[in-house]
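Coordinate inspection notes
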Amino acid sequence: VIRLLWLVPLLPFAGAAVVGLCGRWLSRRAAAGVACASVAAAFALALGATLALSGDLAAQAGEPGVEIDLAARRAVVHVADWIAVGGEGGVRAPWRLLLDPLSAVMILVVTGVGALIHLYSIGYMAEEERGFARYFAFLNLFVGMMLLLVLGASLPVLFVGWEGVGLCSYLLIGFYYEKEWCADAGRKAFIVNRIGDAGFLLGVVTLFAAAGTLEIDALLARAASGGVEREAALAASLLLFVGAIGKSAQIPLYVWLPDAMAGPTPVSALIHAATMVTAGVYMVCRLGALFSVHPLALGVVAGIGVATALYAATIACAQTDIKKVLAYSTVSQLGYMFAGAGVGAFGAAIFHLVTHALFKAALFLGAGSVIHALHGEQEMGRMGGLRDRMPITYFTMVFGALALAGIVPFAGFFSKDEILWAALGGGHRILWIMALAGAGLTAFYVSRLVLRIFHGEPGDGALAARAHESPRVMAWPLAALGGLSVVGGLIGVPRALSMGGDWNRIGRWLAPALAGGGHAAGGRAGSHGGALAEIGAALLSLAVAGCGLYLAWALYEGRLEWARRIPERLAPLAARARAAYAVDDLYEAAVLRPYAALCAWARRIDAGAVDGMVNGVAKTVEIAGHFGRYLQTGFVRNYALFLLLGAALILYWVLP
Amino acid sequence: VSLSITWPAVDWAALVPALVLVVGASGLLLAAAGARAWRRAHGYAALGTLVLAACASAAGWQTPRSAFGGMVIIDHFGILASCAAYLACALAILMSLTYLEREPGIPPEHYGLMLLSTAGMGLMVSSLNLVAIFVGLELLSIPLYVMAGLVRTRLEAIEASMKYFLLGALATCFLIYGIAFLYGGSGSFDLEQIALALDHAKGARSRWLLAGLGLLLVGMAFKVAAAPFHFWVPDVYEGSPVPVASFMATGTKAAAFAALVRVLFVGFGAGALLEWRHALTVLAIATMAIGNLLALGQTNLKRLLAYSSVAHAGYLLIGVVTFTSAGVESLLYYLFAYVLMTGGAFGVVALSSGADPDGRERGAEIEDYVGLGGRQPVLGLALCLFMLALAGIPPTGGFVAKFYLFRAAVEADLISLAVVGVLNSVVGAVYYLRVVVAVTMRQPGRPALSAAEPGALACACVGLAMAGTLLLGIYPGVLTRLSAQPLF
């Protein structure tokens, strides 16, 4: 099965080609069918490949084009040659796909969640007139690119996927391009991502100069054995991390993600929550051995991650648009993943990536269902009391919310707790305290979200009266993701809570693929008081989350007197948070206006000096061309004469 | 008394591609005498013959050998070069299918002649013997003289045919004269023997050989349209039917360059290296400069493409001057890319042009293409793609080809030549982009040409060229893997 790995990204690409190029002639049913089937088939293949990887891998050896590394549980599939520049030591970039526990997890998430969201989109986009096929073509293209990103065995292939998902993100954010603010949001996402991509590309080039190879397995082996200079590794890591900051929306480049909510809600669920934005986390974990060469690199990752986690959580508390709340929540959760990776707990970061993909997709699809029911309304102020009208959506969102809040035994509890424990166990107390505070805020804002949508009195009675549960094609994926947010965390129950066993299946599964086995350095259970301390820390974070929950309940449901005073006290801060601390204005004043001024100045120089020179040269060339045309008389006798002259000249040069 | 005759072992297999083409061409010419009505069927038959010949040619890939005492050489270089010629011919036939519908003046003999000429190209690039090369060259040229003037009622066509014939005959004189000198100096037509003779020659004998080389260069430079032997090019391309112009621009160029490389590398690689490299360097610079400068002022797309083909001959000469295997590889790559993008551009012209009621051809002026992107988006896109490819802009084969070529030049320490090439590319971009601007950005000032709805096969020509141009630009490995084998 592993030999067929190339079909995994190819199927969605083929789907995109069919739906995109022939969409005009396909019925809506057929277009949606092809799109969903291609992703579902890719999921089936991914599942097969993962089973083959987990089973008797030696049996797969010897298949043509497949290299197997039994010790690292890794299979590399050579698909085709691509770039070959220079001889030995030149740049080689064949299409090679890498299947190891890490990429296996990623392709399962991408195709699994992707298939559910494709299905959901059929219902959500049902009212779309002209863009229906275009939507599914882009969505399929995205899945293919994302699979290429996570399967790429070398950085150039990874980069193709990296740029490809950025392109699809742009196309889908600006899907409603007739609305100017949607098109603007698409452009903003693309441009901000370019900043990150420039850093990423520089990082790749630096890495090639320092390590001499771009194949990921060779690169990591070289980095782990000290074959890469520390300073070069630091520079490359930080540049690559700039790319991750752009793609995964961390401080200071997170500004595009909230605006990206201009796209259709399933897109927000798939691209801007579950998969694409996690590409940065995946990349850092994939190159963990490189980031580990210089301690400063991981320190920067952890610092930015935790800062973003806390900062975005405060903004999420004050937003009133349901998709904006979820967007800032995504930024914050990505921060947690980076925090985990930054303290060396790559396994915990990937685990959180997986659970987050499940519960955040559930939340977004739930939000989409609400928006669908309310005919496009996104303001929480006009919602409320929808619980009885939309029971499936309600329960899904409650499950998702509890998972996000980190309440035992929902999915988010185990993964977030593992990151927190890795930070504490690794001795990073300040990081731990910040992350803990962020967890409290998370519980608060997500409870606020659920309470304001589904409980209390409707903000707009007429709107609420027309609300209805979504059709089955939307409700089923929703329920599936809701169910997964409940049980998804059980794949990674930490050892301390396993009652003597070891239920951390995902940790063990990922260990061969990650630097240091995916555990935080010095953070193994046993130090710092061992299992008891871990349970204590878990109880503490549970208590903090409980506080957040209770506060939200007191404010919006219980309407207790003491709780009411808190927003009044915090009013100025809340106003700033609602405006996202005016960071967009700050960027405009600090970057965009000076840049525009510089451009205007450069334009004057260009128009005067540079163009003047160029035009002068061009004029000369043109005059020369004009003169030359007089030689073209049209008479054969003249041409023959020139032929003779040419012959004489050649003989003159050739003869000694 | 029993009489037994022992036949010499003749390697007929080596001749199969040429035989297929010649037999097919003869059949078509005979058929044209009888069945003139089904012009399309002639085209399909020609296409089928071509595919057969290409398969026969490719069949020799695994077994490089020499047959008929060096008269026919089966090697990778020859096969790749013939394939470039077949590709040029295929594109020309595909565009003829539509073009001949609109031009009833062109008789169906057109197809047979085109196959004959292609057979000449195949022979010319797979031989080490000057006589065989000369025969191939003539087999290539004479059908072309005829094809240029097949429309006997059109004055421009007659003029083109006449000019091409007169000047071609003059150039052939130089070529045959040079071959005679070389035979006189070495006692052989075989290039390897000539190389040996050149090694040992002294005094007057060496001078005879070098004079032979010089005259040979004149004849070849005429065929590849290097300056100052290029004057016929714009006049002939303008007057000939579009498919014929395309075939001349692509097929002849590919075959003549391949033959030039083989003659110079095998015959004169050791003894007269300095002399011909010096002469060709000057020719390359002059050809690039003249081609590009004169293209700047053109308002007729066919003439523009003619000068563009002159400019590209200049770039290709750089590949010859390198005298390295990397240079030859890049030259082959460039030939394929050039065939695709120039053939494609002519294909668009063939699709959009047609004759006025008063017999004057329309659709050749750049003005006719203003706003094409709005009227026929696919055709407009195709023309833009080919122009960008000719200008050497990624992600097209034109970019990769230039990149390989200039890199080969730099590696061969011909940095100044590479710089001249790059500067010329800049000038080239001006007139190519002018066409792109006309197609996409300008509004038509005069009533648009009412182009017929192109048929599926005509689209196949443009589509094939587009796909190939993009493939070579995105996936250079498809060709470099083949040409990386030892060539000859």
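Residues numbered from 1 in each chain as written. Chains lettered and ligands numbered in written order. Predicted model: local features only at pLDDT ≥ 70, side-chain atom pairs only at ≥ 80, totals over all residues. Heavy atoms only, no water.

1. Here we look at the overall build of chain B
Worth spelling out the cut-off: What counts as a helix is a DSSP run of H or I of at least four residues, what counts as a strand is a run of E of at least two, and both are numbered from the N terminus. The atom set for the radius of gyration is the C-alpha atoms, and the globule formula is 2.2 Å times the number of residues raised to the power 0.38. Note on classification: 1.4 Å probe, protein chains only; a residue is buried when its accessible area is under 20% of the maximum for its type, exposed when over 50%, partly exposed between these limits. Note on areas: these come from Shrake-Rupley sampling with a 1.4 Å probe, and a residue is covered only by the protein chains present in the view.
Scanning chain B from terminus to terminus reveals 19 helices and 4 strands. The C-alpha radius of gyration of chain B comes to 22 Å, within 12% of the 23 Å expected for a compact globule of 488 residues. Across its three principal directions, the C-alpha atoms of chain B cover 75 × 65 × 40 Å. Residues classed as buried in chain B amount to 62% of the 488 residues present. Surface accessibility of chain B: about 17,200 Å² in total, with carbon and sulfur atoms responsible for 70%.

2. Observations regarding the overall build of chain A
Scanning chain A from N- to C-terminus turns up 26 helices and 4 strands. Whereas a compact globule of 656 residues would reach a radius of gyration of roughly 26 Å, chain A reaches 28 Å, a difference of no more than 12%. Its C-alpha atoms put chain A at 105 × 60 × 50 Å along the principal axes. In chain A, which comprises 656 residues, the share counted as buried stands at 54%.

3. Re the interface of chain A and chain B
Cut-off, in case you're wondering: The contact criterion used is simple: two residues touch if any of their non-hydrogen atoms lie within 4.5 Å. Accessible area, probed at 1.4 Å, shrinks when two parts are joined; the buried area is that loss added up over both. Put simply, a salt bridge is a Lys or Arg side-chain nitrogen that is within 4 Å of an Asp or Glu carboxyl oxygen. Any pair of N or O atoms that falls within 3.5 Å is considered a polar contact. Within protein, one atom must be able to donate a hydrogen and the other to accept it, and sequence-neighbouring residues count only if both atoms are side-chain atoms.
With 30 residues of chain A at the contact, the number on the chain B side is 41 residues. Carbon and sulfur atoms make up 75% of the surface buried where chain A meets chain B, a total of about 2,900 Å² over both sides. It is Leu-643, Trp-653 and Val-654 of chain A that lose the most area in chain A upon contact with chain B, and together they represent 22% of the buried surface on that side. Put simply, chain A and chain B have 0 salt bridges between them. Seen at the junction of chain A and chain B, the total is 5 residue pairs in polar contact (both at pLDDT 80 or more).

4. Quick word on the packing of helix 1 (residues 16-34) of chain B against helix 4 (residues 109-125) of chain B
All names here are of chain B. What counts, and what does not: With axes taken as lines fitted to C-alpha atoms, and helix axes fitted only over the stretch in contact, angles between N-to-C directions fall between 0 and 180 degrees. Comment on the angle field: the value is read as roughly parallel under 35 degrees, roughly antiparallel over 145, roughly perpendicular from 65 to 115, and oblique elsewhere. By convention, the crossing between two helices is left-handed when the near helix turns anticlockwise from the far helix through less than a right angle, and right-handed when the turn is clockwise. Three classes are used: nonpolar for Ala, Val, Leu, Ile, Met, Phe, Trp, Tyr, Cys and Pro, charged for Asp, Glu, Lys and Arg, and polar for all others, with Gly counted as polar.
As a packed pair, helix 1 and helix 4 sit with axes 8 Å apart at the nearest point and diverge in direction by 165°. Put simply, helix 1 runs roughly antiparallel to helix 4. Viewed along their axes, helix 1 and helix 4 form a crossing whose handedness is left-handed. In contact with Ala-18, Leu-21, Val-22, Gly-24, Ala-25, Leu-28, Leu-29 and Ala-32 of helix 1, helix 4 contributes Glu-109, Tyr-111, Gly-112, Leu-113, Leu-115, Leu-116, Thr-118, Ala-119 and Leu-123. Of the residues that constitute the contact of helix 1 with helix 4, the class distribution is 13 nonpolar, 3 polar and 1 charged.

5. Structural notes on the pairing of strand 1 (residues 66-69) of chain A
All names here are of chain A. Our working rule: Strand pairing requires that DSSP identify at least two bridges connecting the strands.
As paired strands, strand 1 and strand 2 (residues 74-85) are joined by 4 bridges and run antiparallel to one another. Directly across from Asp-69, in strand 2, lies its bridge partner Arg-74. Counting the residues between successive antiparallel strands, the hairpin from strand 1 to strand 2 contains 4 residues, one of them, Arg-73, with a positive phi of roughly 50°.

6. With respect to unusual backbone geometry
For the bond from Ile-251 of chain A to Pro-252 of chain A, the omega torsion is 5°, close enough to zero to count as cis. Pro-394 of chain B connects to Pro-395 of chain B through a cis peptide bond whose omega is 5°. By the element assignment, Pro-395 of chain B lies in the loop between helix 15 (377-391) and helix 16 (397-411). With phi around 50°, Arg-73 of chain A is a residue other than glycine that occupies positive phi space. With relative accessibility at 26%, the residue Arg-73 of chain A sits in the partly exposed group.

7. A short note on the environment of Tyr-445 of chain A
All names here are of chain A. Along the polypeptide, Tyr-445 turns up in helix 18 (residues 429-454). The exposure class of Tyr-445 is buried, given its relative accessible area of 1%. The contact partners of Tyr-445, leaving out residues within four places of it in the chain, are Ala-313, Ala-316, Cys-317, Val-325, Ser-329, Ser-332, Gln-333 and Leu-404.

8. Things to note about the pattern of salt bridges
For the structure on display, the rule yields 21 salt bridges over all chains. Between Lys-188 of chain A and Asp-584 of chain A there is a salt bridge, and its shortest N-O distance comes to 3.1 Å. One end of the pair, Lys-188 of chain A, is in helix 6 (residues 180-211); the other, Asp-584 of chain A, is in helix 25 (residues 583-628), with 396 residues separating them in the sequence. When its relative accessible area of 21% is taken as the criterion, Lys-188 of chain A is described as partly exposed. Among the ionic pairs, Lys-163 of chain B bridges to Asp-235 of chain B, the shortest N-O distance being 2.8 Å.

9. What to know about the packing of helix 13 (residues 325-352) of chain B against helix 15 of chain B
Residue and element names in this part refer to chain B. The interhelical angle for the contact between helix 13 and helix 15, taken along N-to-C directions, is 150°, at an axis separation of 9 Å. Accordingly, the angle class assigned to the pair helix 13 and helix 15 is roughly antiparallel. Handedness of the crossing formed by helix 13 with helix 15: left-handed. Here Leu-340, Met-341, Thr-342, Gly-344, Ala-345, Val-348, Leu-351 and Ser-352 of helix 13 lie close against helix 15, whose contacting residues are Leu-379, Ala-382, Leu-383, Phe-386, Met-387, Ala-389 and Leu-390. Considering only residue class, the contact of helix 13 with helix 15 consists of 12 nonpolar, 3 polar and no charged.

10. A word on helix 11 (residues 273-296) of chain B
To be explicit about the condition: Between the first and last residue of a helix there are one fewer steps than residues, each counted as 1.5 Å, and that sum is the expected span.
Compared with an ideal rise of 1.5 Å per residue, which puts 24 residues at 34 Å, helix 11 of chain B spans 34 Å between its outermost C-alpha atoms and is within 8% of the ideal. Those residues of helix 11 of chain B that fall on the buried side of the exposure criterion are Trp-276, Ala-279, Leu-280, Leu-283, Ala-284, Thr-287, Met-288, Gly-291, Asn-292, Leu-294, Ala-295 and Leu-296 of chain B. The elements touched by buried residues of helix 11 of chain B are helix 25 and helix 26 (636-654) of chain A together with helix 8 (203-224), helix 10 (242-267), helix 12 (301-322) and helix 17 (415-440) of chain B.

Everything listed here is a matter of geometry and, on its own, says nothing about what the molecule does.
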